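# Survey of secondary and tertiary structure
What follows is each chain in one-letter form.
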Amino acid sequence: MKWLKRVLIALVLLVVLAGVLAVYLIATFDPNAYKDRISAVVKEQTGRDLVIEGEIGLSLFPWLGLSLGETWLSNAEGFADEPFARIGEVELSVALMPLLRRELQVQRIRLVGLNLNLERDAQGRSNWDDLVAEAEADGREDRERHEGAGEGPGLKDLDIGGVEILDARVSWRDAQAGTALRVDPLNLELGRIRLGVETPLSLSLTLIQEDPALRASVDLNALVNVDLDAQRYALRRLVARLQAEGEALPRAMEAKLEADAAVNLAEDVASLERLTLESLGVQLVGLVRVNNLTGEKPVATGELRSNTFSVRELLTQLGEAAPETADPEVLKKVAVDLAFEANAEAASLSQLLIQLDDTRLRGSARVSNFERPAIRAELDVDRINLDRYLPPPAEEAAAPRPDAPAREGWPDDPIDLPVEMLRNLNLNAQLTIGEMIINRLNLARISLTLTARDGLVEVKPLTANLYNGSVEALMSLDVRGDTPRYSFEPRLQGVQIGPLLDDLTEGEGKLAGTTQLNARITTRGNSVKQMVSALNGDGRFEFANGAVKGINIAQIIRDAEARFRGRTVERSDEPNQTDFSELRGSFTIANGVVTNNDLAASSPLLRVRGQGTADLPREQLDYRVDTTLVATLEGQGGRSLDELRGVNLPIRIRGSFSDPSFSLDLRPILEGRVREEAERRIEEQVTPRIEERREDIEQQLRDRLPRLPGLR
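Keep in mind it's a predicted model, so treat the numbers as computed, not measured. (Residues numbered from 1 in each chain as written. Predicted model: local features only at pLDDT ≥ 70, side-chain atom pairs only at ≥ 80, totals over all residues. Heavy atoms only, no water.)

What follows deals with the overall build of the protein chain. A count of helical and extended segments in the protein chain gives 10 helices and 36 strands. A buried classification covers 30% of the 712 residues belonging to the protein chain. Intrachain contacts of the protein chain at a sequence separation of at least 6 include 50% that bridge at least 24 residues. (Helix = DSSP H or I, 4+ residues; strand = E, 2+ residues; numbered from the N terminus. Buried < 20%, exposed > 50% of the residue type's maximum accessible area, 1.4 Å probe, protein only. Contact = heavy atoms within 4.5 Å.)

Next up, the structure:
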């Protein structure tokens, strides 16, 4: 056993000798004497000046320790004179023996007072391009050297006792974009770092933007896991809180993000799971996944779902006024549920579900070619009352003063269309709605296709069930030229026009009956006045079993007849309307003037023919209705006018749209009837007497004829 004892003694002597040597080296070696040499090497390798103003501290065993005082590196040529990087203090301690086994054990890394200035000039050149190029070249040489030696360059193990970065500052100036940002301060603390083992991370920073002024503070905590062998990097139980304020924001804002974040380079995937984002009363939960992460075309997919939130409260917190709506209770219950997919060329919503108060919307959408977006969408709505979302009705205006000027024609204020947006819009959307109320109109089973391309916006067709009938319409807006052009081609079948107009005008509709209508109308202009004056088109209409409200032709005839004869005008309780079993005709529109020359209406009482014009720009009517009585007026609430049966009775309608006048002149008709009656009575009374007298004369002549000489 003597040999074993001798070996142990030798080992002890070697250890003692190594310790003595280390102490001697530490005591006699002065790393500060090499400052100039270190600066010269950096100058040779990078072309930049490295200035070590503080002291360099060094320890060798058992930890290879390095401390560095105030040090700075000059900026790249052509950029600002301030240093590219400056540090106040660096401390680093590495276990020496594990390095021989390609194991990195670091006691701690401490960096205090880092000041990093990053810049990009107007040509797009950054002040770190030269350093990156040098680092990439060194990396290639290292890889080639390791590959030539048949060794893997990676570490077998990593063990860092902790990382601490205190009071760091990073500034960024971009001359191309005209932006200036800085992070001041930045503090980071990491616990013990071991491969495949979680460690706590704490990060806080303040981001400051100068124009527009913005200040944002971020506090982040998470558990970090780095697995070099599996190429997996994760932040579990990530919690980040943001506070921001400034000119770029409507008000001070707060947000909170929670998630599990992971990057798997082996599968080329990144993910955010158990994602929760909260801000301003809105909460989003879901997940996001990015496939082909390092490839040329990464693809992001995900699902997001919101809580039920109030748009009114959200707008208020954003410093915006909530819209005034007819129903103040709308926009208080909104929720969104969606699934998406996006890459650098396109984005799509494969599932979209929106709850808007009592309305449920389902659909999908896709946007491609972001430089000139092409949008494709489908949306299905179960039911919606749009009147609840429209502005509240204006308060009734006070009665105008007698000397107040009347409204002068149609509004001539320019209509500000988003022309450039419409010209760039590429849209193909399909919309279906189960039930809809708009402007008090009730529609059902609505379907339309909306397309837009190069400034031509078209709806073709729009179909819907409307008041026991159906409507089909083609519409278009053309902004390809200097003046917008509009076209409208409606077709109504079996529509009850009375309830429709009653709802549309709040019970003041002028027409009732079952409607058939076909029309083609075009116009152009930049204001309502211009469009009214440019109206052109034609159409045909037919109404069955209805009435024209606001005019009672029978009563007009009775009133006119009574006045002519000097009688008292009769009061009647019958509705102020003219019933008909059929009313039909056609019309043309030329520069805003509507002309109808073939109006025909019939009822058990009347036969009506009409012709005339409605001048829309001037808001004037000039129309003649030729009426023929075909039955007694009894049973209609008035006296019989049998003497007018079969006679054409012309009624003139003239004046403004708001206050038209109706006139019927019976004088020529009744005077003619009087003359005819007088002639008839004269003939009835005089002719018999003449006949009697003629016979007497003839008899007297016969009696006298024989007495004449020469006669036989």
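A few words on helix 2 (residues 35-46). Taking 1.5 Å of rise per residue, 12 residues should cover 16 Å, and helix 2 covers 16 Å from first to last C-alpha, within 8% of that figure. Those residues of helix 2 lying buried are Lys 35, Ser 39 and Val 42. An end-on view of helix 2 places all buried positions within 60° of arc, on one side of the element. Among the exposed residues of helix 2, those oriented more than 90 degrees off its buried face are Asp 36, Arg 37 and Glu 44. With its phi angle positive at about 80°, Gly 47 sits one or two positions after the end of helix 2. (Expected span 1.5 Å × (residues − 1). Arc of directions from axis to C-beta.)

Mean pLDDT for the protein chain: 81, with 74% of residues reaching 70 or above. In this model residues 1-22 is a low-confidence stretch, pLDDT under 50, and it forms zero contacts with partners more than four residues away in sequence or in other chains. (pLDDT = per-residue confidence, 0-100.)

Another point: the packing of aromatic side chains. Counted under the stated rule, the structure contains three aromatic pairs. Both rings, one in Trp 128 and one in Trp 172, keep their centres 6.0 Å apart while their planes meet at 50°; by these two values the pair is tilted. In this pair, Trp 128 is assigned in the loop between strand 8 (115-120) and helix 4 (129-148) and Trp 172 in strand 10 (residues 163-174), connecting sequence segments 44 residues apart. The exposure class of Trp 128 is partly exposed, given its relative accessible area of 26%. Note on Phe 541 and Phe 543: the rings are 5.9 Å apart at their centroids and 45° apart in plane angle, and the pair reads as tilted. Judged on exposure class, the residue Phe 541 and its partner Phe 543 are both buried. Each residue in the set Phe 541, Phe 543 and Phe 587 is aromatic and connected to the rest through ring pairs, giving one cluster. The ring of Phe 84 is capped by Arg 48, whose NZ or CZ atom sits 4.8 Å from the centre of that ring. (Phe/Tyr/Trp six-rings, centres within 6.5 Å; stacked < 30°, edge-to-face > 60°. Lys NZ or Arg CZ within 6 Å of the ring centre and 35° of its normal.)

Let's shift gears to the pattern of salt bridges. In this structure the tally under the stated criterion is 32 salt bridges. Here Glu 542 ties to Arg 584 by a salt bridge, and the two come within 3.4 Å at their closest N and O atoms. A residue pair is termed long-range when its members are at least 10 positions apart, and Glu 542 in strand 30 (residues 536-549) and Arg 584 in strand 31 (residues 577-590) qualify at 42 residues. Classification of Glu 542 as partly exposed rests on a relative accessible area of 29%. Relative accessible area serves as the criterion here: at 34%, Arg 584 is assigned to the partly exposed category. With a shortest N-O distance of 2.9 Å, Arg 652 and Asp 622 are connected by a salt bridge. With Arg 652 in strand 35 (residues 648-656) and Asp 622 in strand 34 (residues 620-629), this pair connects stretches of sequence that are 30 residues apart. Arg 652 sits in the partly exposed class, given a relative accessible area of 24%. (Salt bridge = Lys/Arg side-chain N within 4 Å of Asp/Glu carboxyl O.)

It is worth spelling out the nonpolar core at this point. Counting residues in hydrophobic clusters, the biggest one holds 47 residues, and the most contacted among them are Leu 443, Leu 466, Leu 500, Phe 543 and Leu 583. It is strand 31 that contributes the most residues to this core, four residues altogether. Among all residues touching Phe 543, those that are not within four sequence positions of it are Ile 497, Leu 511, Thr 514, Thr 515, Phe 580, Ser 581, Glu 582 and Leu 583. Within the second largest apolar cluster, 21 residues are counted, among which are Ile 87, Ile 160, Ala 222 and Ala 240. (Core = buried A, V, L, I, M, F, W, Y, C linked by side-chain atoms within 4.5 Å.)

With the exception of glycine, most residues fall at negative phi, and the peptide bonds are largely trans. In the segment running from Asp 211 into Pro 212, the intervening peptide bond is cis, with an omega of -5°. For Pro 212, the location among the structural elements is in the loop between strand 13 (199-209) and strand 14 (214-227). In this structure, the amide linkage connecting Lys 460 to the following residue, Pro 461, adopts the cis form with an omega of -15°. Of note, Pro 461 is situated in strand 26 (residues 456-466). The phi torsion at Leu 331 lies on the positive side, around 65°, for a residue other than glycine. Mapped onto the elements, Leu 331 comes out in the loop between helix 5 (311-317) and strand 20 (334-342).

Three or more residues of helix 7 (residues 497-504) are buried, namely Ile 497, Gly 498, Leu 500 and Leu 501. When helix 7 is viewed along its axis, its buried side chains cluster within an angular range of 165° and face the same direction. Elements that come into contact with the buried residues of helix 7 comprise strand 25 (441-453), strand 26, strand 28 (485-496), strand 29 (511-524) and strand 30.

Okay, the pairing of strand 22 (residues 359-368) next. Judged from the nine bridges that link them, strand 21 (residues 346-356) and strand 22 form a sheet pairing that is antiparallel. Of the residues in strand 22, the one forming a bridge with Ala 347 is Val 367. The loop that links strand 21 with its antiparallel partner strand 22 comprises two residues; one of these, Asp 357, has a positive phi angle of about 55°. Here strand 22 runs beside strand 23 (residues 374-385); their pairing, made up of eight bridges, is antiparallel. In the strand pairing of strand 23, Ser 368 is matched with Ala 374. Hairpin connection from strand 22 to strand 23: five residues lie between these consecutive antiparallel strands, with Asn 369 at a positive phi of about 55°. (Pairing = 2+ DSSP bridges.)

Relative to the elements of secondary structure, Asp 626 occurs in strand 34. Not counting residues up to four positions away in its chain, the partners in contact with Asp 626 are Arg 607, Val 608, Arg 609, Asn 648, Leu 649 and Pro 650.

Mapped onto the elements, Leu 352 comes out in strand 21. Measuring from C-alpha to C-alpha, the distance between Leu 352 and Glu 378 comes to 9.8 Å, with 26 residues separating the pair along the chain. The residues contacting Leu 352, other than those within four sequence positions of it, are Val 336, Asp 337, Leu 338, Leu 361, Arg 362 and Gly 363.

A separate point is the pairing of strand 33 (residues 606-615). Looking down a regular strand, the side chains alternate between one sheet face and the other. Where strand 32 (residues 593-602) meets strand 33, eight bridges bridge the pair, whose relative direction is antiparallel. What sits directly across from Val 594, in strand 33, is Ala 614. Adjacent in sequence and paired antiparallel, strand 32 and strand 33 are bridged by three residues. As paired elements, strand 33 and strand 34 share 10 bridges and run antiparallel to each other. Its bridge partner being in strand 34, Gly 612 is matched across the sheet by Tyr 623. The hairpin turn running from strand 33 into strand 34, its antiparallel successor, is four residues long, and Glu 619 in that turn takes a positive phi close to 55°.

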